[in-house]
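Observations on the model geometry
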Amino acid sequence: MIQLQHVCKTYGEGENAHHALRNVNLTINDGDVFGIIGASGAGKSTLVRCLNLLERPTEGAILYDGRDITGLSGRALLELRSQVGMIFQNFSLFQQRTVLRNVTFPLELRGEKGEAARKRAMELLELVGLADLAERYPSQLSGGQQQRVAIARALANNPKVMLCDEATSALDTRTTASILQLLQDINRELGVTLVVITHSLPVACKICNRVAVIDHGRIVEEGATAAVFGNPQSPVTRELLANDDMLAAIERDAEKGQEG
Amino acid sequence: MDYISNFISQYGALFAQGTVDTLVMTLASTLFAYLIGVPLGVLLVITAKDGLKPQRALNTVLGWIVNIGRSIPFIILLVAIIPFTRLVVGTSLGVPGAIVPLTVAAIPFVGRMVEQSLAEVDGGLVEAAQSFGANTWQIVCKVMLRESLPSLVRGASITVITLFGYTAMAGAVGAGGIGDIAIRYGYQRYLGDVMIASIVLCIVLVQVFQSIGDLVARLVDKRVRRS
């Protein structure tokens, strides 16, 4: 279980201070697929980076199973990070390493090399359906394949939690669906808790059991996905839903235009 | 043809020795400059304001040293550090006497070159490595240096060619090499053909350095170029 208690993140000081997060309180349960939704600049990337201390909260506490991690440094911090997987919008694969050696990277950091690491990486590539591409380089793969490699890499250390930062935003609709399916399988079969950052409501609806809506660094609404989207309480959520309807209508029109 | 074979029998041995001297000076000073220049470039990057280990004072001081080093014209550096050169290799003459000032001149140059290559590495890759619990040393070795290797190699060929040019100046103070031949025979004895042969040899050698650099950079780069 991950708890955020009164988490604030402020950049700069005085008049120029930018409040990226304001008094964020959240509880993410084991096995959740927890969505954090908001527009660009709402603070969702900062929030997710606080969870593995890529960003350090200015105030407040983050608890993993009741243990405050906000003050961790040195070896303990690296240890925590190795237990929290992360995937990114632009995949962030190492271009000069093969697919296999991208997946063994987190193992290498802990001194695990050779046949054992290779075997573990091949299992993961099997899981994401790319075992036959192990010796290729990332630039030879499609976006969807690259994100699968990134997912395999994030799972290398058997994390209990995986952070997904706009993981499907650079992908087309069909590829997005297949990546979401894979994430869902990982959540259900391996029991990995997923924290999903997205600006896309369809993505959140498809895989999240709970969502929080963030706006200007504040959580404005939180709850079960169906409840939040079925009966939105906050104007921000209503606006997101309205914009989403509008976008869907534009897409439908565009498709009609192409057909006609 | 007689002319060419005469020229070769007269000056062949001289040019062979000159080429060897030039190559030794160029490559040895490049090697030594990288031994110090790579750590220097890494330090410049990681101690920068948005680097992995921001150290404002250290970064500023290193920046000054590099800028001072780069602002002294080589011909002046060459004579100015003669006492230091004598201290290190026992002489300020010949190939060993040239390698010391060439290395000293190249270190800040290489430092900036390496800094620039490392700065080009996608910040997202550094962040990804951090998210898996990589420490600074691991990020430098396994991510920054590895991912920028093609760029580092291209930088090395620029360094080699720059130092190759510097060796001609070292030649002027008695270091030997092709530059020395061009000055002593071509210029001071008015031997036009020796001058032209020296220039042609320089052009050929620079082409060879550049081609080798390009080839190696291509071989180590695993990104597919999509045209």
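Residues numbered from 1 in each chain as written. Chains lettered and ligands numbered in written order. Predicted model: local features only at pLDDT ≥ 70, side-chain atom pairs only at ≥ 80, totals over all residues. Heavy atoms only, no water.

Concerning the layout of surface pockets
Selection criterion: The distinction between a cavity and a pocket rests on a 1 Å grid over the protein atoms alone: a 1.4 Å probe fits inside a cavity but cannot get out, while a pocket stays open yet meets protein on both sides within 12 Å along at least five of seven lines, and a residue with an atom within 4 Å of a point counts as lining. Grid points are joined across faces, edges and corners, and a volume is the space filled by probe spheres set on the points. Put simply, DSSP H or I for four residues or longer makes a helix, DSSP E for two residues or longer makes a strand, and each gets a number counted from the N terminus. Note on residue classes: Ala, Val, Leu, Ile, Met, Phe, Trp, Tyr, Cys and Pro are nonpolar, Asp, Glu, Lys and Arg are charged, and everything else, Gly too, is polar.
Estimated volume of the largest pocket: approximately 680 Å³. As for the largest pocket, its lining consists of 23 residues, of which S200, L201, P202, D244 and E251 of chain A are closest to the centre. Those elements that provide at least two residues to the lining of the largest pocket are α6 (173–190), α7 (201–207) and α9 (235–259) of chain A. Top contributing element to the lining of the largest pocket by residue count: α9 of chain A, with six residues. In the lining of the largest pocket, the residues fall into ten nonpolar, nine polar and four charged. Approximately 510 Å³ is the volume attributed to the second largest pocket. Taken together, 24 residues make up the lining of the second largest pocket; nearest its centre are D50, G51, L52, V126 and M144 of chain B. Of all the elements in the fold, those that place two or more residues in the lining of the second largest pocket are α1 (2–46), α2 (56–71), α5 (94–119) and α6 (123–131) of chain B. Here the residues of the lining of the second largest pocket sort into eleven nonpolar, five polar and eight charged.

Notes on the UniProt feature "domain: ABC transmembrane type-1" (unreviewed entry) in chain B
What counts, and what does not: UniProt positions are given in the numbering used here, feature names are shortened, and annotations may be inferred rather than shown by experiment.
Summarizing the sequence annotation, UniProt attributes the feature "domain: ABC transmembrane type-1" (unreviewed entry) to residues 19–213 of chain B in the numbering used throughout. Annotated as residues 19–213 of chain B, this span is 85% helix and 0% strand, and its ends, taken at the C-alpha atoms, are 19 Å apart.

Concerning the UniProt feature "transmembrane region" (unreviewed entry) in chain B
Residues and elements named next belong to chain B. In the numbering used here, UniProt assigns the "transmembrane region" (unreviewed entry) feature to residues 23–46, 58–82, 88–110, 152–174 and 194–217. The span residues 23–46 shows a helical share of 100% and a strand share of 0%, and its end C-alpha atoms are spaced 34 Å apart. In residues 58–82, the share of helix is 88% and the share of strand is 0%. The end C-alpha atoms are 28 Å apart.

A closer look at unusual backbone geometry
All names here are of chain A. Phi is positive for H6, close to 50 degrees, though the residue is something other than glycine. Position of H6 relative to the elements: it lies in strand β1 (residues 2–11). In this model, S92 sits at a positive phi of 50 degrees, which is unusual for a non-glycine residue. Of note, S92 is situated in the loop between β6 (84–87) and α3 (99–109).

A few points about a nonpolar patch on the surface
Residues and elements named next belong to chain B. Which entries qualify depends on this criterion: Grouping into patches uses exposed residues only, defined as over 30% relative accessible area, and leaves out salt-bridged ones; the cut-off is 9 Å for like charges and 5 Å for nonpolar side chains (Val, Leu, Ile, Met, Phe, Trp, Tyr). Surface accessibility follows the Shrake-Rupley procedure with a 1.4 Å probe radius. Residue values consider only the protein chains on display as shielding. Criterion for a salt bridge: a side-chain nitrogen of Lys or Arg within 4 Å of a carboxyl oxygen of Asp or Glu.
Judged by side-chain polarity, V61, W64, I65, I68, I72, I75 and I76 come together as a nonpolar surface patch covering roughly 670 Å² of accessible area. Among the elements of the structure, α2 and α3 (74–80) are those that each provide at least two residues to the nonpolar patch. Here the nonpolar patch gets four residues from one element, more than from any other, and that element is α2.

A few points about the interface of chain A and chain B
In plain terms, the rule: The contact criterion used is simple: two residues touch if any of their non-hydrogen atoms lie within 4.5 Å. Summed over both partners, the accessible area (1.4 Å probe) lost when two parts come together is defined as the buried area. Polar contacts here mean pairs of N or O atoms no more than 3.5 Å apart (in protein, one a potential hydrogen donor and the other a potential acceptor; neighbouring residues in sequence count only if both atoms are side-chain atoms).
Listed per partner, the contact involves 25 residues of chain A and 23 residues of chain B. At the boundary of chain A with chain B, total buried surface from both sides reaches about 2200 Å², with 58% on carbon and sulfur atoms. On the surface where chain A and chain B come into contact, there are two salt bridges. The partner of K142 of chain B in a salt bridge is E108 of chain A, with the nearest N and O atoms 2.7 Å apart. If you look at where chain A meets chain B, you find nine residue pairs in polar contact (both at pLDDT 80 or more). Contributions of two or more residues to the side of chain A that touches chain B are made by α2 (74–82), β6, α3 and α5 (143–154) of chain A.

Structural notes on the nonpolar core
Buried together is how nonpolar side chains tend to be arranged in soluble globular proteins. Definition in use: Grouping buried Ala, Val, Leu, Ile, Met, Phe, Trp, Tyr and Cys residues that are joined through side-chain atoms within 4.5 Å yields what is termed a nonpolar core. Burial classes follow relative accessibility: with a 1.4 Å probe on protein chains only, a residue under 20% of its type's maximum area counts as buried, one over 50% as exposed, and anything between as partly exposed.
Among the nonpolar cores identified, the biggest contains 121 residues, and I151, M162 and L183 of chain A are the most heavily contacted of them. Residues within four places of M162 of chain A in sequence aside, it is in contact with G85, M86, I87, I151, A154, L155, L183, V192, T193, L194 and V195 of chain A.

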